[in-house]
Amino acid sequence: MRSFHLTPSRAALLSGLFVALWGGLVLVFPDKPSVALWDGLVLVLPEKQFVAFIGWVVLYLIGFAWGIYLLERAAKRIESSAVPTRDNARPQISVSGEAVGNRRGAWNPFDPDARYYGPALGIVCFFVCMSLFAAAVVSEFPNLGSESAVFKLCAALQPVKFTALILATAGLATAVARSKRVRQSLSMIAAYSLLFTLVYFLAHRRSGTNEEEYALPAGGGNDSPQAMSVKVQKVVRKRYVINPYSSITFAAPPPIENIDVKLTDETSNRYQVGMGDGGLGQGDGEGGGFGSGKDGGKIRFIRLRHSDKSWDKNFGIGGDRNLLAELVVRFPKMNGKVADETEAIDFVTLGNYKPKAAPPVVYVGGAGTFAPSATDKRVLKQYITERHGMILGDTLGGGAFHSNFIAVMNEITGTTRVEIPRDDPIHKRPYEIPQLPFVVAHGGSTPYGWKLDGRWVVYHHPGALSDAWRDDRAGIKKVIADHCYLLGINIISYAHREHDQWRRSQQP
Amino acid sequence: MAPFATTLSAEEPLPPTPSPKKGGGACITPPPFLEEGVGGRGRLFFRIALVVLALGFCATLAPAGPLDEMSVERWAKLKEAERFQLNAAERLFRESQWKAAADEYEKFLKLYERSEGAAFAQLKWSHCQVNLRRQNAAIKDGYQSLLDYYPESPEAPIAGLLIGRTYRDIGDAKPAKKAYAKVIAAHPKHFAAVMSRLDLVELAAKENDTETYARLLRELTYDVERKGATTAPCVTASQQYARLTFRAGNFEEGLKALATSCSEAQLPHHLMHPSWGALPTIVGELTGSKDEPTKKNGEKLTDAGAAWFKTQVTANLKDPKTKPQAQAAWYDIAEIRRHAGQTDKQKAVYEDIIATLGPDDTTLGYLARWYKVHKQPELARTTYGRFKDVAEGQGQIALSYREETPPQTDKAVAIYRQLAADVKVAPRWLGEAAMAYRRGGKPDLAIAVYRELITSDAKGADAYAIEIAETLYQAQRWKECIAAYRGTNNFPTNYLHMATANRRLKQYDEAIALYRQVIAASPANASSALLQIAYTQEEAGKKEDAIKTLKQICDKHPKTSEGSTAHTRLNDVYKIPITLGGAKD
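Residues numbered from 1 in each chain as written. Chains lettered and ligands numbered in written order. Predicted model: local features only at pLDDT ≥ 70, side-chain atom pairs only at ≥ 80, totals over all residues.

## Details of the overall build of chain A
Here is step 1 of the chain: A count of helices and strands for chain A gives 12 helices and 14 strands.
Here is step 2 of the chain: Considering chain A as a whole, with its 508 residues, one finds that 34% of them fall into the buried category.
Here is step 3 of the chain: Considering only residue pairs separated by 6 or more positions, chain A has 73% of its internal contacts joining residues 24 or more positions apart. (Helix = DSSP H or I, 4+ residues; strand = E, 2+ residues; numbered from the N terminus. Buried ≥ 20, exposed ≤ 12 C-beta atoms within 10 Å, placed from the backbone. Contact = placed C-beta atoms within 7 Å.)

Now the structure itself:
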């Protein structure tokens with residue numbers, strides 16, 4: 001049996017095959033983890049992002065192997081060409097693969113004797129990268145002057161913090177290494193890692209700009225109170241028994257204006273000038289939607305990914321997706337203007353939204369903890385103050401999430417929570433919710449909010465609101481689960497209306 | 001917060017809502033003799049006596065201020081039918097039946113729109129809306145309507161103030177400030193204007209507007225005329241201003257501010273009071289700071305405070321009648337030094353007192369405590385030994401033996417036994433001896449002492465029986481403690497402890513039976529007992545039953561912390577999402 005030899009051409013072929021396979025898998029796998037049945041077997045399919053990430057790791061390792069191989073080959077070739085050809089010269093003994101020589105170094109990076117493979121480059125690299133790392137760490141302490149330009153510059157280094165630390169370590173190792181080969185290898189590893197990181201970021205950079213956009217649906221809905229129940233009153237009409245043979249003739253049946261419809265207040269939604277023709281929203285466009293909206297824009301439900309393990313409880317199919325479905329059911333004119341799936345984003349993505357097109361509301365759920373870093377808190381603060389966003393907090397368990405969330409919101413808003421009145425517009429439009437519905441009172445039974453400039457920037461539900469949105473509605477009574485949906489719709493509506501007004505006020 | 005809280009402080013936590021149930025509303029009850037035109041003289045006197053008693057009771061309980069009461073003179077102006085209707089509403093208000101009370105006030109307004117009590121009814125209707133958490137309705141349909149329809153009524157300035165306060169409570173700072181400014185401009189000398197200023201102080205503190213904060217407090221302290229109802233908020237403001245200036249290291253200004261609210265003789269007490277001048281606390285905060293300038297401010301404040309108290313000592317020592325005041329001022333100096341971390345100077349003060357006035361038990365007690373704090377128990381005991389009240393001194397010596405590590409129980413008990421020789425005070429010292437045995441890990445000896453007490457002090461037999469059971473419980477002698485608890489009457493603690501003991505003995509069914517008895521007899525403890533049943537079932541390996549019980553808690557007690565625990569446990573431990581429950585606030 002012939003043994004398999006990994007020749008360079010075969011390795012190149014395998015590398016190419018891997019890249020092709022990886023690309024294919026990324027296309028095939030779903031956006032979210034899912035379960036599939038295959039020939040009686042239950043397969044848990046990981047999400048696309050996970051597959052992509054694993055692929056990048058393997059690609060880095062393949063590139064690393066190729067780099068080492070090519071570097072070794074080139075170095076050997078250069079060293080062998082520099083060996084004296086005279087017969088009477090002393091033999092050169094290789095130590096750890098390194099040929100002893102006293103030739104002057106060149107500028108070729110593949111030559112271990114290159115001039116710049118001395119300790120100086122490593123020391124410079126160490127100090128520069130360590131400074132970058134230290135500056136990024138300093139920016140995590142906002143009490144050192146978060147408003148200063150230097151502090152903002154330091155904060156901008158956060159994404160490259162750990163890369164700088166790795167490079168600093170490599171630089172230090174290069175500086176202290178005594179062998180030229182080791183210095184060359186470490187330098188090349190550092191350069192390769194840097195290059196790979198650059199490629200990675202370029203590949204993940206969106207075309208044109210890395211800013212996300214949340215477009216509101218265009219249209220002209222209204223938020224007039226929706227009837228929770230319609231009181232039907234029987235209208236007693238006078239019946240005329242007409243004798244066709246009678247000498248009396250009727251000129252006409254009773255005019256329609258004389259019929260009193262007797263509608264109650266709850267159903268008397270009146271048209272106002274400029275109001276659109278229905279659906280959720282506000283503005284003077286057609287159908288449901290918002291005046292500042294764009295064609296193709298949709299109402300989306302976005303949740304924030306954070307360190308608590310329960311951040312994704314009730315996420316997606318069978319969970320908060322039901323809220324979006326309920327929105328369409330209750331406002332049929334919003335069909336096509338509401339996203340099909342709910343989404344999850346991290347703090348960095350939230351910070352990357354266009355300043356005037358950030359999501360109107362972001363959901364933050366958790367049971368155990370809520371511990372965003374200083375940078376994350378800055379993102380949240382910027383989101384609610386500068387980008388007019390709103391946070392919907394939901395305590396999903398009896399852990400420390402509730403108190404953590406309150407403390408973080410106090411910090412980022414710079415104010416303290418207050419009880420949200422029962423007759424606040426957020427509880428009245430489009431649905432009247434006279435009492436707060438909840439599944440279990442993890443954090444009491446009163447909704448608290450944080451208000452800035454007359455606007456709710458945080459709504460904190462203390463009792464597992466999203467549990468009621470699940471298919472099983474956590475086993476609670478249907479009427480309470482229905483009210484939980486209505487509350488969710490009210491909060492979405494409030495946030496979108498506020499954001500729409502703000503967007504319109506920002507337009508030139 | 002309800003709008004009728006009368007005092008507020010920017011630095012202290014807001015006082016709890018003075019519930020009208022506790023008497024706030026009771027104070028405004030009209031004298032019943034006004035309700036009936038004619039009646040028997042005896043009955044009239046009886047009723048007057050009842051009213052006087054009720055008013056006296058109110059005075060002790062209720063902080064009802066001018067924000068929610070109507071004067072007796074105005075009550076007298078009401079017609080009989082009006083009084084009847086308003087009384088009906090007031091009764092419901094006192095019983096916290098906000099919805100029904102609001103309906104009754106509304107009825108009054110519809111029937112007697114031009115009555116003397118109409119503005120008052122409008123005000124109280126608005127209070128009901130606030131309590132129903134319908135603050136927007138309270139502002140727009142209540143307080144504002146009062147201003148529109150009854151602008152000349154005595155309630156109008158109050159309504160203006162409460163508009164601001166309600167806006168503040170729902171987080172709308174801007175309209176709140178606007179409303180306060182209106183009240184201050186329209187009724188500058190009224191109580192409502194003073195309260196508005198005090199509320200603005202709170203808003204300034206919240207917004208870190210130190211300049212406005214200090215300016216308003218200064219105005220309230222020095223400029224506002226203190227008369228009747230305006231006195232209390234000005235006093236509060238002067239105390240806040242004093243604390244503010246102390247924090248800046250300015251003792252003299254703070255003293256001056258406090259002096260506006262009390263007599264010279266009361267000044268030391270006001271300075272030292274933790275909620276008024278709070279000098280020791282502030283000294284501790286400043287000197288404990290890591291910031292060097294702040295620390296220096298603290299030291300400056302300490303020295304200034306101590307120097308002022310020293311002048312009090314010198315002045316009071318001249319007259320033998322004021323010697324106790326001099327001694328009190330000395331103790332205050334020591335307290336300030338203690339908070340500043342200047343313990344040597346603190347000790348020097350005690351020694352100074354003893355040298356000047358001779359040893360007395362109070363000063364010796366302070367000195368001995370100083371020795372104890374500084375780990376010199378022998379010197380502390382020697383000092384206690386100098387007490388004129390020998391029994392008290394010996395008791396303290398015994399206590400110091402108990403406090404040592406490890407506790408010297410036998411020495412302590414020997415002293416207690418000696419003290420118990422006096423039959424009159426024997427129960428106290430024997431009780432201490434038993435406690436010393438318990439802390440020293442000698443439960444049998446403690447129980448023996450309690451048994452001795454049961455025979456010698458029959459009056460306290462029940463309490464001693466409980467102590468015996470508690471001793472056994474703490475010693476984890478479960479079987480004996482169950483038997484001991486059976487003879488006690490401190491339900492439900494005894495049942496809960498018996499249940500715990502049964503669980504430790506793995507007698508799960510008995511434990512559950514006991515918890516069920518607690519549920520049946522004490523509804524207040526039902527949810528916690530149910531949760532304990534679930535835990536017991538888990539310990540017994542009956543997971544299905546535990547799940548059922550946890551679901552039962554979620555279903556029946558969704559508003560309690562036990563409901564939350566059960567929900568989380570079902571989610572996290574059993575991975576069960578369907579937990580039942582659901583409720584409305």
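## Focus on helix 14 (residues 279-287) of chain B
Here is step 1 of the chain: Listed as buried for helix 14 of chain B are Leu-279, Pro-280, Ile-282, Val-283 and Leu-286 of chain B. All buried residues of helix 14 of chain B fall inside an arc of 165° around its axis, so they share one side. (Arc of directions from axis to C-beta.)

## Brief notes about the interface of chain B and chain A
Here is step 1 of the chain: With 30 residues of chain B at the contact, the number on the chain A side is 30 residues.
Here is step 2 of the chain: At the level of elements, helix 6 (135-149), helix 30 (561-572) and strand 1 (583-584) of chain B are the ones that each hand at least two residues to the side of chain B that touches chain A.
Here is step 3 of the chain: With 6 residues, the single largest contributor to the side of chain B that touches chain A is helix 30 of chain B.
Here is step 4 of the chain: Here the residues of the side of chain B that touches chain A sort into 9 nonpolar, 12 polar and 9 charged.
Here is step 5 of the chain: As paired strands, strand 12 (residues 437-438) of chain A and strand 1 of chain B are joined by 2 bridges and run antiparallel to one another. Its bridge partner lying in strand 1 of chain B, Pro-437 of chain A is registered against Lys-584 of chain B. (Nonpolar A, V, L, I, M, F, W, Y, C, P; charged D, E, K, R; others polar. Pairing = 2+ DSSP bridges.)

## Re unusual backbone geometry
Here is step 1 of the chain: At the junction of Arg-429 of chain A and Pro-430 of chain A, the peptide bond is cis and its omega measures out at -5° in the coordinates.
Here is step 2 of the chain: Tracing the chain through its elements places Pro-430 of chain A in the loop between helix 11 (425-428) and strand 12.
Here is step 3 of the chain: Following Thr-405 of chain B, the chain continues into Pro-406 of chain B via a peptide bond in cis, with omega recorded as -10°.
Here is step 4 of the chain: Position of Pro-406 of chain B relative to the elements: it lies in the loop between helix 20 (390-403) and helix 21 (409-419).
Here is step 5 of the chain: Phi is positive for Ala-464 of chain A, close to 55°, though the residue is something other than glycine.
Here is step 6 of the chain: On the secondary structure map, Ala-464 of chain A appears in the loop between strand 14 (455-461) and helix 12 (478-506).
Here is step 7 of the chain: The class for Ala-464 of chain A is buried, based on 33 C-beta atoms found within 10 Å.
Here is step 8 of the chain: Here the phi dihedral of Arg-473 of chain A falls at roughly 40°; this positive angle occurs in a residue that is not glycine.
Here is step 9 of the chain: Considering the arrangement of structural elements, one finds Arg-473 of chain A in the loop between strand 14 and helix 12.

## A few points about the sheet that holds strand 8 (residues 343-345) of chain A
As a general point, the strands of a sheet are linked pairwise by backbone hydrogen bonds and lie either parallel or antiparallel.
Residues and elements named next belong to chain A.
Here is step 1 of the chain: Taking strand neighbours across the sheet as the criterion, the 7 strands line up as 8-7-9-10-14-13-11 in an open arrangement whose pairing is mixed. Here the strands that pair on one side only, and so sit at the sheet edges, are strand 8 and strand 11 (418-419).
Here is step 2 of the chain: Where strand 7 (residues 302-304) lies against strand 9 (residues 361-366), 2 bridges are found, and the strand directions are parallel. Counterpart to Ile-302 in the pairing with strand 9 is Val-362.

## What to know about the domain arrangement of chain A
All names here are of chain A.
Here is step 1 of the chain: Here chain A is described as being made up of domain 1 (8-81 + 102-204) and domain 2 (292-506).
Here is step 2 of the chain: With centres defined by C-alpha atoms, the gap from domain 1 to domain 2 works out at 38 Å.
Here is step 3 of the chain: Opposite the 6 residues of domain 1 that make contact, domain 2 presents 5 residues.
Here is step 4 of the chain: Here the side of domain 1 that touches domain 2 is built from residues that sort into 3 nonpolar, 1 polar and 2 charged. (Domains from an automatic or database assignment.)

## Looking at the nonpolar core
Here is step 1 of the chain: Among the nonpolar cores identified, the biggest contains 214 residues, and Ala-468 and Ile-491 of chain A together with Ala-159, Tyr-416, Ala-433 and Ala-469 of chain B are the most heavily contacted of them.
Here is step 2 of the chain: Broken down by element, the residue count for this core peaks at 11 residues, all from helix 12 of chain A.
Here is step 3 of the chain: Excluding anything up to four places from it in sequence, Ile-491 of chain A contacts Val-361, Leu-392, Ile-426 and Tyr-459 of chain A.
Here is step 4 of the chain: Counting 11 residues, the second-largest nonpolar core is a separate cluster that includes Cys-125, Ala-136, Leu-167 and Ala-190 of chain A. (Core = buried A, V, L, I, M, F, W, Y, C linked by C-beta atoms within 7 Å.)

## Thoughts on the packing of helix 22 (residues 426-439) of chain B against helix 23 (residues 443-456) of chain B
Residues and elements named next belong to chain B.
Here is step 1 of the chain: Running from N to C, helix 22 and helix 23 point in directions that differ by 160°, and their axes come no closer than 7 Å. The orientation of helix 22 with respect to helix 23, classified from their angle, is roughly antiparallel. Seen from above, helix 22 lies across helix 23 with left-handed handedness. Judged by residue contacts, Ala-426, Pro-427, Leu-430, Gly-431, Ala-433, Ala-434, Tyr-437 and Arg-438 of helix 22 engage Pro-443, Leu-445, Ala-446, Val-449, Tyr-450, Glu-452, Leu-453 and Ser-456 from helix 23.
Here is step 2 of the chain: Of the residues that constitute the contact of helix 22 with helix 23, the class distribution is 12 nonpolar, 2 polar and 2 charged. (Axes fitted to C-alpha atoms, helices over the stretch in contact; angles between N-to-C directions. Parallel < 35°, antiparallel > 145°, perpendicular 65-115°, else oblique. Left-handed = near helix turned anticlockwise from the far one by under 90°.)

## Looking at the environment of Tyr-448 of chain A
Residues and elements named next belong to chain A.
Here is step 1 of the chain: Looking at where Tyr-448 falls in the secondary structure, it is placed in strand 13 (residues 448-452).
Here is step 2 of the chain: Sequence-wise, Tyr-448 and Ile-406 are 42 residues apart; in three dimensions their C-alpha atoms are separated by 9.3 Å.
Here is step 3 of the chain: Once you skip the residues sitting within four places of it in the chain, Tyr-448 turns out to touch Arg-417, Val-418, Glu-419, Ile-420 and His-460.

## Some words on the pairing of strand 13 of chain A
Looking along a regular strand, one sees side chains alternate from face to face of the sheet.
Residue and element names in this part refer to chain A.
Here is step 1 of the chain: Strand direction decides the pairing type here: strand 11 and strand 13, joined by 2 bridges, are antiparallel. Pairing of Glu-419 across the sheet is with Tyr-448, part of strand 13.
Here is step 2 of the chain: Pairing of strand 13 with strand 14, which is carried by 5 bridges, proceeds in the antiparallel orientation. Bridge pairing links Leu-452 to Arg-455 in strand 14.
Here is step 3 of the chain: Hairpin connection from strand 13 to strand 14: 2 residues lie between these consecutive antiparallel strands, with Asp-453 at a positive phi of about 50°.

## Topic: the packing of helix 15 (residues 292-317) of chain B against helix 16 (residues 323-339) of chain B
Residue and element names in this part refer to chain B.
Here is step 1 of the chain: Where helix 15 meets helix 16, the axes come as close as 8 Å, and the angle between the chain directions of the two elements is 165°. Classified by the interaxial angle, the pair formed by helix 15 and helix 16 is roughly antiparallel. Crossing of helix 15 against helix 16: the hand is left-handed. On the side of helix 15, the interface is formed by Thr-302, Gly-305, Ala-306, Phe-309, Lys-310, Gln-312, Val-313, Asn-316 and Leu-317, while helix 16 contributes Lys-323, Gln-325, Ala-326, Ala-329, Trp-330, Asp-332, Ile-333, Ile-336 and Arg-337.

## As for the environment of Gly-414 of chain A
Here is step 1 of the chain: Along the chain, Gly-414 of chain A turns up in the loop between helix 10 (401-413) and strand 11.
Here is step 2 of the chain: Measuring from C-alpha to C-alpha, the distance between Gly-414 of chain A and Asp-113 of chain A comes to 60 Å, with 301 residues separating the pair along the chain.

## Describing helix 15 of chain B
Because an α-helix packs 3.6 residues into every turn, residues spaced three or four apart end up facing the same way.
Here is step 1 of the chain: The end-to-end C-alpha distance of helix 15 of chain B is 37 Å, a good match for the 38 Å that 26 residues give at a rise of 1.5 Å each.
Here is step 2 of the chain: The inward-facing, buried residues of helix 15 of chain B abut helix 11 (231-247), helix 12 (251-259), helix 13 (267-272), helix 14 and helix 16 of chain B. (Expected span 1.5 Å × (residues − 1).)

## Observations concerning the confidence of the model for chain A
Here is step 1 of the chain: Per-chain confidence: chain A averages 81 in pLDDT, with 79% of residues scoring 70 or above.
Here is step 2 of the chain: Throughout residues 264-276 of chain A the model reports pLDDT below 50, and contacts reaching past four residues in sequence, or to other chains, amount to 21 contacts. (pLDDT = per-residue confidence, 0-100.)

## Thoughts on the environment of Tyr-535 of chain B
Here is step 1 of the chain: Positionally, Tyr-535 of chain B belongs in helix 28 (residues 526-539).
Here is step 2 of the chain: For the pair formed by Tyr-535 of chain B and Ile-547 of chain B, sequence separation is 12 residues and the distance between their alpha carbons is 9.9 Å.

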